[in-house]
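Structural features, examined
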Amino acid sequence: MSPRIRGLRICRAWLKARPQAADALLGAGLLLLGLPQLYLQDLPQEAGFDRFQQPDLLQGLIVVAVAMSLTWRRRHPLSVLLAVMGGGLTMTLLEYPPSLPDIVAYLIAVYSLAAHRGLARSAPGGIAAFAYFYTTLALLPLDVGVEELITDGALIIGVWVLGRNLRLRRAYFTELEDRAARLERARGTDARAARIEERSRIARELHDVVAHHVSVMTVQAGAARRIIDRDPGSAREAMSTIEEVGRTALSEMRRIVGVLRTDRDADASGPELAPQPGLGDLGELLDHVRETGLSVQLWIEGEARTPSPGVDVAAFRLIQEALTNSLKHAGPSARAWVRLYYTDHDLTVEIEDDGRGTTTIMADNGDKPGHGLVGMYERVALYGGELRIGPRVGGGFGVRARFPLEA
């Protein structure tokens with residue numbers, strides 16, 4: 001880039017940042033072009049021009065005041081227009097000839113009023129400027145034809161319309177920029193909400209996985225400790241179950257945490273992510289629970305239908321969390337039941353036990369729902385279902401949820 005072009009860009013940026021200085025330079029430029037012409041050029045030898053006074057210092061001062069008033073044309077356009085018209089009318093009454101600076105300043109003032117003020121101010125100002133123009137022509141000692149009157153009047157109207165259109169265009173682009181900024185802020189808010197929701201979902205998944213498998217491992221470890229001396233074979237079997245459950249827990253945790261990894265991390269981690277568990281894995285879940293000593297029975301009523309993937313995972317996690325609570329709170333001699341009721345549109349899931357879970361759950365949580373119960377409510381509500389949790393008639397604890405088959 002040449003130094004000249006670089007300098008022009010610097011000057012343009014400087015003037016754009018300081019509009020009042022740019023307007024002052026505009027007025028100075030008009031004076032630089034118009035004052036020499038006013039004083040050095042003789043008046044035409046035509047009818048009417050002989051009645052004008054020769055330009056003197058007073059007219060020069062008025063012209064300077066009119067031109068330099070453009071410095072405030074953006075901040076106070078109506079005041080500038082009145083000042084320009086006042087100066088022009090004064091020169092007309094004093095019989096000074098028109099000059100280039102005051103004529104151009106008048107047109108710029110009309111444009112500035114329309115471009116920087118609303119219609120409520122610019123319209124009366126435009127009417128006043130139109131009336132001033134014809135009043136001045138009437139006072140000048142010159143014969144002006146009808147064609148010139150129409151042409152000059154159309155010029156004034158055109159300048160006002162130009163300023164009005166540019167104002168509307170600026171307002172339109174400003175609205176577009178504001179709308180884009182609002183959309184960007186809304187997009188950022190939605191992204192933050194999505195991140196929070198994803199963290200909550202992952203926290204629920206981790207809680208379900210860890211709570212269930214650790215509960216199974218704890219029960220098996222306690223049983224192995226009690227029988228290791230008198231029945232080493234059963235103790236080794238319990239240890240094997242702990243190992244298997246632990247590996248399953250690690251596998252599920254890797255699958256859940258894998259959602260947070262990038263593709264490169266996933267490639268480095270080895271195996272691909274496995275699908276989320278569903279009701280098809282319910283048999284394996286019940287086998288793990290039975291190995292801990294909790295008797296679990298399963299009933300399926302109605303024609304089994306395939307729910308949506310989200311409902312499938314939510315129903316499985318609900319059963320897993322309910323059985324985990326039974327393992328933790330129901331007691332060693334408790335029994336549990338899992339029932340699935342299929343209809344044409346709904347799936348109802350019931351998990352009940354006959355243990356002492358009501359007392360221990362309330363004692364552990366201080367009469368407030370724990371993270372597992374809150375996770376149940378969130379899962380069911382997410383898919384438009386209904387959930388009831390509470391003591392069971394005849395003792396024990398019960399969980400009943402209804403899911404729409406289509407989420």
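In what follows, the accompanying structure is described. Please read these numbers as outputs of a predicted model, since none were measured by experiment. (Residues numbered from 1 in each chain as written. Predicted model: local features only at pLDDT ≥ 70, side-chain atom pairs only at ≥ 80, totals over all residues. Heavy atoms only, no water.)

1. Here's the deal with helix H2 (residues 19–40)
Applicable threshold: The numbering of helices and of strands both runs from the N terminus, where a helix is a DSSP run of H or I of at least 4 residues and a strand a run of E of at least 2. The length a helix should cover is 1.5 Å for every residue beyond the first. In this scheme, the bend at a residue equals the angle between the axes fitted to the seven residues that finish there and the seven that begin there. In this scheme, a residue with accessible area under 20% of its type's maximum is buried, one over 50% is exposed, and one in between is partly exposed, where area comes from a 1.4 Å probe on protein chains only. Here, residues are in contact when the closest pair of their heavy atoms is within 4.5 Å.
With 22 residues, H2 ought to run about 32 Å at 1.5 Å a step, and its terminal C-alpha atoms sit 32 Å apart, in line with that. In H2, a bend of some 30° at Gly-34 exceeds every other bend along the element, and Pro-36, a proline, comes one to four places later. All buried positions along H2 are accounted for by Asp-23, Gly-27, Leu-30, Leu-31, Gly-34 and Leu-38. Where H2 is buried, its residues touch helix H3 (57–68) and helix H5 (100–116).

2. What about the nonpolar core?
The line we're drawing: To define a nonpolar core, start from buried Ala, Val, Leu, Ile, Met, Phe, Trp, Tyr and Cys residues and group those joined through side-chain atoms within 4.5 Å.
Ranked by internal contacts, the top residues of the largest apolar core, which has 36 residues, are Leu-318, Ile-319, Leu-323, Val-349 and Phe-403. Secondary-structure elements contributing two or more residues to this core are helix H10 (282–291), helix H11 (309–329), strand E2 (335–342), strand E3 (346–353), helix H13 (371–382) and strand E5 (397–404). Examining the composition of this core, we find that 9 residues originate from one element, H11, more than from any other. Counting 28 residues, the second largest nonpolar core, distinct from the first, contains Val-80, Ala-105, Val-110 and Val-159.

3. Observations regarding the packing of aromatic side chains
What counts is decided by this rule: Between the rings of Phe, Tyr and Trp (Trp by its six-membered ring), a pair exists once the centres lie within 6.5 Å; its type follows the angle of the planes, with under 30 degrees stacked, over 60 edge-to-face, and the other angles tilted.
In the structure shown here, the tally under the stated rule is 4 aromatic pairs. When the centroid spacing of 5.1 Å and the interplanar angle of 75° are considered together, the rings of Phe-133 and Tyr-134 count as edge-to-face. With a relative accessible area of 28%, Tyr-134 lands in the partly exposed category. For the pair Tyr-172 and Phe-173, a centre-to-centre distance of 5.6 Å together with 65° between the ring planes defines the contact as edge-to-face.

4. Comments concerning the environment of Gly-29
Looking at where Gly-29 falls in the secondary structure, it is placed in helix H2. The partly exposed category is assigned to Gly-29, whose relative accessible area is 27%. For Gly-29 and Pro-101, which are 72 residues apart along the polypeptide, the C-alpha to C-alpha distance reads 9.1 Å.

5. Overview of a negative patch on the surface
The line we're drawing: A patch is a set of surface residues, each over 30% in relative accessible area and not in a salt bridge, joined within 9 Å for like charges and within 5 Å for the nonpolar side chains Val, Leu, Ile, Met, Phe, Trp and Tyr. Computed by Shrake-Rupley with a 1.4 Å probe, the accessible areas treat only the displayed protein chains as cover when residues are assessed. Each salt bridge in this description consists of a side-chain nitrogen of Lys or Arg and a carboxyl oxygen of Asp or Glu lying within 4 Å of one another. Residues scored as positive are Lys and Arg, those scored as negative are Asp and Glu, and His as well as the terminal groups of each chain are ignored. Here the site of a charge means NZ on Lys, CZ on Arg, CG on Asp, or CD on Glu.
Taken together, the side chains of Glu-237, Glu-244, Asp-281, Glu-284 and Glu-291 make up a negatively charged region of the molecular surface. Taken together, the elements giving at least two residues each to the negative patch come down to helix H8 (232–257) and H10. In this structure, Glu-244 sits in helix H8.

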